[in-house]
Amino acid sequence: QVGEKTAALYAMADFGADNWSGNIGLRAVQTRQTTVVNLPGGPNPITGSAFGAYTPTVFKRTYRDYLPSANVKFDVRPDLVVRGAIAKTVARPDYSALGGSVSLNDDALSGSGGNVKLDPVRSTNFDLSAEWYFAPKAMLSAGLFYMDLRSIVAQGTSFGTYYNNKRSAPAEYQITSPFNSSGTNKGVELSWQQPLWNNFGFLANYTWADGELDDDSELLNSSKRTYNLTGYFENERFSARLAYSFRSAYKAGVDRGASQHVDDMPSLAASVNVKLSERFTLTFDALNLTNEIIKMYAENKDRPRAFYSNGRTFYLGLRGKL
């Protein structure tokens, strides 16, 4: 069992003049976390379980974060805008990462589990960008970002003793679990939006990110290259989009002491919206049109671990408003 209760206060002040504007703010948030874990053994354990004797144990913790932020925008020209931002942020881990349960493989003597003492992801973020609106409905933009990650979630291995059902006796397991580390993520973002003719147009964006932990190991779920290319048609009653996206390989976790990676992943999706009336719109979405296979490998591509074929997905919907 995992429970969280949060309380927060936020204050913000706006400022500016003729050609510039901005705001500063401060958010104070308190988090109270309670986790109930069934620990093996204990001084007065519950017996009779097929997984051995255990003791329900309650872990409680409270932490506070003070999160300042500042944003500023300069109108250099009517068609050119420069923006800057700095902020401290916090993101709590998934409940699955906070839970104390373990999943064990009695043959391989390995398993995975959570970490009841896991801190949230805390980061100080810097952003600088410029936007050029060179034509109606058209834009070119470029941005730089830097993230100082003081408590990013990584994955590692440790050893613990658990009841082995096949041996009917306790055994030592290698457990993969999340822990807090530190690192950085920095990069550049480019974007281009361009109308063409007769309500046709396209959007393109590209992100290069260099994310790593302070020990030079890989940052979880961080791809070096990500880009999207979308073609569209829009008028008052009908809109359609065809979007191609690509994400380069990234580390997804650790299993039995080996890093697990997801290979380069392209994707093609489409959407259509038809405005039937002022209140009703017919929607259609199609995902993974090229039926891509998710390929996972260990330390390198010569060590494949898993292949997932999720197939194509189609959604038909009717959206209404009062």
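Residues numbered from 1 in each chain as written. Predicted model: local features only at pLDDT ≥ 70, side-chain atom pairs only at ≥ 80, totals over all residues. Heavy atoms only, no water.

Caption draft 1: Just the overall build of the protein chain, in detail. Counting secondary structure elements, the protein chain contains one helix and 19 strands. Its C-alpha radius of gyration of 25 Å places the protein chain more than 25% over the 20 Å reference for a compact globule of 322 residues. When its C-alpha atoms are laid out on the principal axes, the protein chain stretches across 75 × 45 × 45 Å. Residues classed as buried in the protein chain amount to 31% of the 322 residues present. When the accessible area of the protein chain is evaluated, it comes to approximately 19,600 Å², of which 55% is carbon and sulfur surface. Here the protein chain carries 34 positive and 31 negative side-chain charges, and the mean point of each set is 6 Å from the other. (Helix = DSSP H or I, 4+ residues; strand = E, 2+ residues; numbered from the N terminus. Rg over C-alpha atoms; globule rule 2.2 N^0.38 Å. Buried < 20%, exposed > 50% of the residue type's maximum accessible area, 1.4 Å probe, protein only. Areas by Shrake-Rupley, 256 points an atom, 1.4 Å probe, with all protein chains shown as cover. Lys, Arg positive; Asp, Glu negative; His and termini not counted. Charge placed at Lys NZ, Arg CZ, Asp CG, Glu CD.)

Caption draft 2: Focus on the nonpolar core. In terms of nonpolar packing, the biggest core is built from six residues, these being V121, L149, I152, A154, L213 and L219. If sequence neighbours within four positions are ignored, V121 has contacts with T89, V90, A91, S151, I152 and V153. (Core = buried A, V, L, I, M, F, W, Y, C linked by side-chain atoms within 4.5 Å. Contact = heavy atoms within 4.5 Å.)

Caption draft 3: Seen up close, the sheet that holds strand 14 (residues 258-262). Overall, antiparallel pairing links the four strands, which are arranged 13-14-17-18 in an open sheet. Across the chains shown, the open sheet's two edge strands, defined by having one partner strand only, are strand 13 (250-255) and strand 18 (304-309). Recorded for the sheet is a direction-independent mean angle of 25° between the axes of neighbouring strands. Bridge count between strand 17 (residues 293-297) and strand 18: five bridges; the pairing is antiparallel. Paired with Y297 across the two strands is P304, which belongs to strand 18. (Pairing = 2+ DSSP bridges. Axes fitted to C-alpha atoms, helices over the stretch in contact; angles between N-to-C directions.)

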